[in-house]
Amino acid sequence: MKLIMLGTGNALVTECYNTCFILSHEGKNILIDGGGGSTILRQIKHAGFSLTDIHDIFITHTHIDHILGIIWVIRIIAQLMNRNFYSGDVNIYSHDEVITMLYDLTNKLLLPYQTAYIDQRIHMNIINDGEIRTIAGHEIKFFDVKSERTKQYGFTFTNHKLTFCGDEPCHESCECYVSGSDWLIHEAFCLHSQAEHFRPYEKHHSTVKDACELAERLNVRNIILCHTEDENIHRRKELYTLEGRQYFNGNIYIPDDLEAITLY
């Protein structure tokens, strides 16, 4: 399985795209979030994929830097379906608040011939806290990350222990999902040494130090840090790795946009 980062930044970045990625394994691809706009289409293309390659989508929450790109994805997939260029159906998974918003936004923003495919070939699937679904051949357990801002879900793969906590610090009630993970994808808004400048805690985010301390305490093998600021974009790998190594003994990955990481 490979993880392809389509975007690595937080909501307000301009030097990279908002955090979203593809999990690709044996010809099956799962899109995780969509960023905040039509740039998702460029990122998918430049990552070497087509929307015809994507049949499963998971959305963590309703914030604009995660959900608005999905409206573009739905629009283009519907157009491809209308022209007989898209084989099969697409399944979108999330909790009830995201699914309700998707219905509302697509009905208001898309054309009738595009929305006609919703519930026919574009399926909106509500998932619940603790629910397990088999998606693209993988058993995935979804969980509420207990966000203080808005309802948000993360997930863990039960077979290879790949865990994603969304763009929130890991709540203590969710540590059972993170514990022992082979791979943890975790937000790191900024360096701990620059916390006074970026003020991550006011936005309910973590620093590199926070994420790496969590990974060390919960016996994680590899951590991937994303959803970052972009003022340090040109030295981000170097600076984040240097800080992270002070607190975590496993492997630290600071991917750039469009970078692929082989998970297993």
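This text goes with the structure placed above it.
Report follows, based on the coordinates. Just so we're clear, the structure is a prediction, and the values are computed from it rather than from any experiment.

## So, empty space enclosed by the protein
Argument step 1. What the rule picks out here adds up to one cavity of 30 Å³ or more.
Argument step 2. The wall of the largest cavity is formed by Leu-23, Ile-30, Ile-32, Phe-58, Tyr-93, Ile-135, Ile-140, Phe-142, Phe-155 and Phe-157.
Argument step 3. Listed by contribution, the elements that provide at least two residues to the lining of the largest cavity are strand E3 (28–32), strand E8 (138–144) and strand E9 (153–157).
Argument step 4. A class-by-class count of the residues in the lining of the largest cavity yields ten nonpolar, no polar and no charged.

## Side note on the sheet that holds E9
Argument step 1. With mixed pairing, seven strands are arranged side by side in an open sheet as E7-E8-E9-E10-E11-E12-E13. In this open sheet, the two strands that pair with only one neighbour each are strand E7 (132–135) and strand E13 (251–253). Averaged over neighbouring strand pairs, the angle between their axes works out to 20° when direction is ignored.
Argument step 2. Here strand E10 (residues 162–164) pairs with strand E11 (residues 183–187) via three bridges, running parallel. Bridge assignment links Thr-163 to a residue of E11, and that residue is Leu-184.

## Examining the layout of surface pockets
Argument step 1. The calculated volume of the largest pocket comes to roughly 280 Å³.
Argument step 2. As for the largest pocket, its lining consists of 16 residues, of which Asn-10, Ala-11, Leu-12, Phe-189 and Lys-203 are closest to the centre.
Argument step 3. Its residues assigned to classes, the lining of the largest pocket shows five nonpolar, four polar and seven charged.

## Here's the deal with unusual backbone geometry
Argument step 1. Unusually for a residue other than glycine, Asp-119 sits at a positive phi of about 75°.
Argument step 2. Its location among the elements puts Asp-119 in the loop between helix H4 (112–115) and strand E6 (122–126).
Argument step 3. Of note in the backbone geometry, Ala-136 takes a positive phi value of approximately 50° without being a glycine.
Argument step 4. You can see Ala-136 is positioned in the loop between E7 and E8.

## Re the sheet that holds E3
Argument step 1. Taken in spatial order, the seven strands of this open sheet run E6-E5-E4-E3-E2-E1-E14, and their pairing is mixed. The sheet terminates laterally at E6 and strand E14 (260–262), the two strands that pair on one side only. For this sheet, the mean angle separating the axes of adjacent strands, direction not counted, is 20°.
Argument step 2. Lying on the sheet, helix H1 (residues 39–46) is in contact with strand E1 (2–7), strand E2 (20–25), E3 and strand E4 (54–58); it crosses E1 at an angle near 145°.
Argument step 3. Against the sheet, helix H2 (residues 64–82) engages E3, E4, strand E5 (90–94) and E6, with an angle of about 140° to E6.

## With respect to the packing of aromatic side chains
Argument step 1. One pass over the full model with this rule turns up eight aromatic pairs.
Argument step 2. Between Phe-143 and Tyr-177 the ring centres are 4.2 Å apart and the planes differ by 5°, which places this aromatic pair in the stacked class. Here the residue Phe-143 occupies a position in strand E8, and Tyr-177 occupies one in helix H5 (residues 175–178), the gap between them amounting to 34 residues.
Argument step 3. Judged by its relative accessible area of 15%, Tyr-177 is buried.
Argument step 4. Ring centres of Phe-155 and Phe-164 lie 5.6 Å apart, and the angle between their planes is 55°; this geometry places the pair in the tilted category. When sorted by exposure, Phe-155 lands in the same class as Phe-164, which is buried.
Argument step 5. Ring-pair connections join several aromatic residues into one group, and the members of that group are Phe-21, Phe-58, Phe-142, Phe-155, Phe-157 and Phe-164.
Argument step 6. Sitting over the ring of Tyr-247, Lys-209 keeps its end group 5.3 Å from the ring centre.

## A word on the packing of helix H7 (residues 208–217) against helix H8 (residues 236–244)
Argument step 1. Closest axis-to-axis distance for the H7/H8 pair is 9 Å, and the angle between their directions is 50°. Taken together, the axes of H7 and H8 are oblique relative to one another. Helix-helix and strand crossings are classified by hand; for H7 and H8 the assignment is right-handed. Taking contact as the criterion, the partners of Val-208, Lys-209 and Cys-212 in H7 are, on H8, Tyr-240, Glu-243 and Gly-244.
Argument step 2. Partitioning the contact of H7 with H8 into residue classes produces three nonpolar, one polar and two charged.

## Side note on the environment of Leu-258
Argument step 1. Mapping Leu-258 onto the fold places it in the loop between E13 and E14.
Argument step 2. When the C-alpha positions of Leu-258 and Glu-216 are compared, they lie 27 Å apart, and in sequence the two are 42 residues distant.
Argument step 3. For Leu-258, the contacting residues outside a window of four places in its chain are Ile-4, Met-5, Leu-6, Gln-43, His-46 and Ala-47.

Here is what the cut-offs are and how they apply
- Residues numbered from 1 in each chain as written.
- Predicted model: local features only at pLDDT ≥ 70, side-chain atom pairs only at ≥ 80, totals over all residues.
- Heavy atoms only, no water.
- 1 Å grid on protein atoms, 1.4 Å probe; cavity = no way out; pocket = protein on both sides within 12 Å on 5 of 7 lines; lining within 4 Å.
- Points joined across faces, edges and corners; volume = space filled by probe spheres on them.
- Helix = DSSP H or I, 4+ residues; strand = E, 2+ residues; numbered from the N terminus.
- Nonpolar A, V, L, I, M, F, W, Y, C, P; charged D, E, K, R; others polar.
- Pairing = 2+ DSSP bridges.
- Axes fitted to C-alpha atoms, helices over the stretch in contact; angles between N-to-C directions.
- Contact = heavy atoms within 4.5 Å.
- Phe/Tyr/Trp six-rings, centres within 6.5 Å; stacked < 30°, edge-to-face > 60°.
- Buried < 20%, exposed > 50% of the residue type's maximum accessible area, 1.4 Å probe, protein only.
- Lys NZ or Arg CZ within 6 Å of the ring centre and 35° of its normal.
- Parallel < 35°, antiparallel > 145°, perpendicular 65-115°, else oblique.
- Left-handed = near helix turned anticlockwise from the far one by under 90°.

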